[in-house]
Amino acid sequence: MPIQQLSLFVENRPGSLSAVCKVLKENNLSIRTLSLADTREFGILRLLLKEHEQAKVALEKAGFVVKVTEVLALEVPDCPGGLADILEILDKHNLSVEYMYAFTFGVNDKAIIVFRFEDPARAIAELKNEPIKLIRAADLYKD
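As the structure is a prediction and not an experimental result, all values here were calculated from the model.

Cut-offs used in this document
- Residues numbered from 1 in each chain as written.
- Predicted model: local features only at pLDDT ≥ 70, side-chain atom pairs only at ≥ 80, totals over all residues.
- Heavy atoms only, no water.
- Buried < 20%, exposed > 50% of the residue type's maximum accessible area, 1.4 Å probe, protein only.
- Helix = DSSP H or I, 4+ residues; strand = E, 2+ residues; numbered from the N terminus.
- Pairing = 2+ DSSP bridges.
- Salt bridge = Lys/Arg side-chain N within 4 Å of Asp/Glu carboxyl O.
- Axes fitted to C-alpha atoms, helices over the stretch in contact; angles between N-to-C directions.
- Parallel < 35°, antiparallel > 145°, perpendicular 65-115°, else oblique.
- Left-handed = near helix turned anticlockwise from the far one by under 90°.
- Contact = heavy atoms within 4.5 Å.
- Nonpolar A, V, L, I, M, F, W, Y, C, P; charged D, E, K, R; others polar.
- Arc of directions from axis to C-beta.

Draft legend 1. Examining the pairing of strand 3 (residues 42–49) more closely. In terms of burial, strand 3 is a largely internal element, 6 of the 8 residues being buried. Across 6 bridges, the pairing between strand 1 (residues 3–11) and strand 3 is antiparallel. Residue pairing across strands places Val 10 opposite Gly 43, the latter belonging to strand 3. In this sheet, strand 3 lies alongside strand 2 (residues 31–38) in antiparallel orientation, the contact comprising 7 bridges. Its bridge partner lying in strand 3, Thr 33 is registered against Leu 48.

Given below as structure tokens:
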């Protein structure tokens, strides 16, 4: 159930983000969600796209360095304490979160949080008997 995420280093200067988005637009590729973490000189842009292979090829052709990383998308109740309850379960299994970012589906009071674990396969195995819904790529990218 891991989802393929693209990570790109982008310079922290005007036009860098729009250059990435322009490549995706020219190739008719739509971003489902993204995260940007920056420093003074560069940022790490993380993208989830249905056609991640096509996006990787197009972005590399345009000169970007692209890394593919496996992440997990978990359904989280969109209410006070929803994330705290999920994190408590992760702690119980000693699963360390490298980073995470969230977005909403706008359905059934649920949010989706994308988690990066050191070992996604172990995280899946540990969480299979917990009351946590892992979102499959097919469900994440439904039109």
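So, next bit.
Draft legend 2. The pattern of salt bridges, seen in detail. Evaluated as defined, the whole model comprises 8 salt bridges. The residue Glu 60 makes a salt bridge to Lys 56 at a minimum N-O spacing of 2.6 Å. Highlighted residues: Glu 60 and Lys 56, both in helix 2 (residues 52–61), separated by 4 residues, approximately one helical turn. On the basis of relative accessible area, Glu 60 is assigned to the partly exposed category, the value being 35%.

Draft legend 3. Local environment of the packing of helix 1 (residues 16–26) against helix 2. Two elements in contact, helix 1 and helix 2, have axes separated by 10 Å at closest approach and are oriented at 125°. It follows from the interaxial angle that helix 1 and helix 2 lie oblique. Considering the relative orientation of helix 1 and helix 2, their crossing is right-handed. Judged by residue contacts, Val 20, Val 23 and Leu 24 of helix 1 engage Ala 55, Ala 58 and Leu 59 from helix 2. Class assignment of the residues belonging to the contact of helix 1 with helix 2 gives a composition of 6 nonpolar, no polar and no charged.

Draft legend 4. Representation of helix 4 (residues 120–127) within the structure. Listed in full, the buried residues belonging to helix 4 are Pro 120, Ala 123 and Leu 127. Taken end-on, helix 4 shows its buried residues confined to a sector of 55°, consistent with a single buried face. Buried residues along helix 4 sit against strand 4 (66–77), helix 3 (82–92), strand 6 (110–117) and strand 7 (134–135).

Draft legend 5. Geometry of the environment of Val 71. In this structure, Val 71 sits in strand 4. On the basis of relative accessibility, which here comes to 1%, the residue Val 71 falls in the buried class. If near-sequence neighbours (up to four positions away) are discounted, Val 71 is found in contact with Pro 2, Ile 3, Gln 5, Leu 48, Tyr 99, Val 114, Phe 115 and Arg 116.

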